Amino acid sequence: LAKTTQPISMDSYEGQEVNITCSHNNIATNDYITWYQQFPSQGPRFIIQGYKTKVTNEVASLFIPADRKSSTLSLPRVSLSDTAVYYCLVGDIGNFNKFYFGSGTKLNVKP
Amino acid sequence: GAVVSQHPSRVICKSGTSVKIECRSLDFQATTMFWYRQFPKQSLMLMATSNEGSKATYEQGVEKDKFLINHASLTLSTLTVASAHPEDSSFYICSARDQDRGLAEAFFGQGTRLTVV
């Protein structure tokens, strides 16, 4: 199982772009990279998923280098409501997204 | 989009009693669901994989006789905490994937806060 490593916490200010990098050195060929956001006392919420290169949706971008050993979640112009824990997960979606969560990154957005 | 719903969202029970938590996929079928547990300020820990029509598979260290899982239909999995004790107090979360959507994310329930007194 691919293990992920993320910074424990990050601070940012409103309006800034935030980039959270995740390392997954032993990612397997069939593994996808998925990022989730979790607020206190809530279930995780899907942000973005990708396999390689760049993926963008209405809330974030995901950058994956060619070797896929890391990935970067980019949140444009964060607001206070983006304060949450962000999890980088790696798994074979053919395995119904059975995830082993790492520690996640606590993002603190300040005014 | 696909929705996973848990019930109840919060439960308080006395030590020694059993508590059942339901996880439903509201608009899709899920042959496989997952149950997680999360202690305060910690990450989610995978407890077990719930398989429709067959026995659940448990992660190492999770007591299958204490955390009983039943996946009787394609839209419902239940987790029963048997003879709950204060150390079982935690946030329990289920997840499922809409298998018919191809490259799809897993959807998580809103979680159930269990407090054993």
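Residues numbered from 1 in each chain as written. Chains lettered and ligands numbered in written order. Predicted model: local features only at pLDDT ≥ 70, side-chain atom pairs only at ≥ 80, totals over all residues. Heavy atoms only, no water.

## Details of the overall build of chain A
For step 1, the next point in the chain: Scanning chain A for helices and strands turns up zero helices and nine strands.
For step 2, the next point in the chain: Each helix and strand of chain A, ordered N terminal to C terminal, gives the series β-β-β-β-β-β-β-β-β.
For step 3, the next point in the chain: Along the first, second and third principal axes, the C-alpha atoms of chain A reach 40 × 30 × 25 Å.
For step 4, the next point in the chain: The proportion of buried residues among the 111 residues of chain A is 46%.
For step 5, the next point in the chain: Within chain A, residue pairs in contact and separated by at least 24 positions form 56% of the contacts whose partners lie at least 6 positions apart. (Helix = DSSP H or I, 4+ residues; strand = E, 2+ residues; numbered from the N terminus. Buried < 20%, exposed > 50% of the residue type's maximum accessible area, 1.4 Å probe, protein only. Contact = heavy atoms within 4.5 Å.)

## Overview of the environment of Gly91 of chain A
Residue and element names in this part refer to chain A.
For step 1, the next point in the chain: Relative to the helices and strands, Gly91 is located in strand 8 (residues 84–92).
For step 2, the next point in the chain: Using a relative accessible area of 7% as the deciding quantity, one classes Gly91 as buried.
For step 3, the next point in the chain: Separated by 66 residues in the primary sequence, Gly91 and Asn25 place their C-alpha atoms 13 Å from one another.
For step 4, the next point in the chain: Excluding residues that lie within four positions of it along the chain, Gly91 makes contacts with Asn30, Asp31, Tyr32 and Phe99.

## Looking at the side chain of Gln6 of chain B
Residues and elements named next belong to chain B.
For step 1, the next point in the chain: Note that Gln6 resides in strand 1 (residues 4–7).
For step 2, the next point in the chain: Since its relative accessible area comes to 2%, Gln6 is described here as buried.
For step 3, the next point in the chain: One polar contact links the side chain of Gln6 to the main-chain carbonyl oxygen of Tyr92, over a distance of 3.0 Å. (Polar contact = N/O pair within 3.5 Å; in protein donor to acceptor, adjacent residues only side chain to side chain.)

## Comments concerning the nonpolar core
For step 1, the next point in the chain: In terms of nonpolar packing, the biggest core is built from 25 residues, with Val4, Trp35, Phe67, Leu79, Tyr92 and Leu114 of chain B touching the most fellow members.
For step 2, the next point in the chain: At the level of elements, strand 2 (10–13), strand 3 (19–25), strand 4 (32–38), strand 5 (44–51), strand 7 (67–73), strand 8 (76–81), strand 9 (90–97) and strand 11 (112–116) of chain B are the ones that each hand at least two residues to this core.
For step 3, the next point in the chain: When neighbours within four sequence positions are excluded, Phe67 of chain B is seen to be in contact with Arg37, Met47, Tyr58, Val62, Leu79, Thr80, Val81, Asp88 and Tyr92 of chain B.
For step 4, the next point in the chain: With 20 residues, the next largest nonpolar core counts Ile27, Ile48, Ala84 and Val109 of chain A among its residues. (Core = buried A, V, L, I, M, F, W, Y, C linked by side-chain atoms within 4.5 Å.)

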